[in-house]
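# What the coordinates show
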Amino acid sequence: VEPLVNLGIELPDDLNETVPPAVPFGETFNVDVVIGNQLPDGVVGLVARNVSLQGTIDTPGLVFTGSSEGDCSISPDGQTIDCDFGDFAAGEQRTVSLSLTAMSGQPDDFRVDIGLSVTTSSPAVNEVTEAYLVRDVGGTRMFISGFESP
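Heads up: these notes are all about the structure in this document.

### Concerning the nonpolar core
Of all hydrophobic cores here, the largest spans 33 residues; its most connected members are Val33, Ile35, Leu53, Leu62, Leu98, Leu100 and Leu116. When residues of this core are traced back to their parent elements, those giving at least two are strand E1 (6-10), strand E2 (28-38), strand E3 (48-57), strand E4 (62-67), strand E6 (80-88), strand E7 (93-102), strand E8 (110-119) and strand E9 (128-137). In terms of residues, this core owes the most to one element, E8, which gives 5 residues. In contact with Leu53, not counting residues within four places along its chain, are Ile9, Val33, Ile35, Ile81, Asp82, Cys83, Phe85, Leu98, Leu116, Ser117 and Val118.

Right under this line is the structure:
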């Protein structure tokens, strides 16, 4: 049996049944992502080389603004982030906090899909591991007769 890498990605805040609150316009929030080189069942684990994370946002109005770890680059429009984390030992996990900002000046509330994928250059059980999350973005809007909160 050949030793292999077994990539893992989890979104611990999205595992419970409570829907995260809407993100107000102009606010920054964080998404914790657990990236790991899981020990494969019945096989010796290997070092995962050149582990990287790619993130995409499908809707303008929400942008990536940073990461707590890794060598990251963010596209000029903020819609993609690419982070390099180097190597992960067999069984190693790291929690990375991605920062995102809901841009001010949006005309309406909206829902956004965020896609995350983790890759390695090592031979792996799973060459790409993906996770998806959804966030609602909205704020208090002023009307002539007063305030309305969605």
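Back to the text.
### Considering the sheet that holds E8
One open sheet holds the 5 strands; their spatial order is E5-E6-E3-E8-E9, and the pairing between them is antiparallel. The outermost strands of the open sheet, each flanked by one partner alone, are strand E5 (71-74) and E9. Going across the sheet, the axis of each strand differs from the next one's by a mean of 15°, ignoring polarity. Two elements, E3 and E6, share 7 bridges in a ladder whose sense is antiparallel. Across the sheet, Ser52 pairs through a bridge with Asp84, a residue of E6.

### Some thoughts on the sheet that holds E7
Strand order across the open sheet formed by 4 strands is E1-E2-E7-E4, with antiparallel pairing between neighbours. Each of the sheet's edge strands pairs with one partner strand only, and the pair in question is E1 and E4. Sheet twist, expressed as the mean angle between neighbouring strand axes with direction ignored, is 30°. In terms of strand pairing, E1 meets E2 through 5 bridges, oriented antiparallel. What sits directly across from Glu10, in E2, is Val34.

### Considerations on the pattern of salt bridges
The final tally for this structure, using the stated rule, is 4 salt bridges. The partner of Glu69 in a salt bridge is Arg94, with the nearest N and O atoms 3.2 Å apart. Placement of Glu69 in the loop between E4 and E5 and of Arg94 in strand E7 is noted, with a sequence separation of 25 residues between them. The salt bridge involving Arg94 is made with Glu92; its shortest N-O contact spans 2.8 Å.

Rules behind the numbers
Residues numbered from 1 in each chain as written. Predicted model: local features only at pLDDT ≥ 70, side-chain atom pairs only at ≥ 80, totals over all residues. Heavy atoms only, no water. Core = buried A, V, L, I, M, F, W, Y, C linked by side-chain atoms within 4.5 Å. Buried < 20%, exposed > 50% of the residue type's maximum accessible area, 1.4 Å probe, protein only. Helix = DSSP H or I, 4+ residues; strand = E, 2+ residues; numbered from the N terminus. Contact = heavy atoms within 4.5 Å. Pairing = 2+ DSSP bridges. Axes fitted to C-alpha atoms, helices over the stretch in contact; angles between N-to-C directions. Salt bridge = Lys/Arg side-chain N within 4 Å of Asp/Glu carboxyl O.

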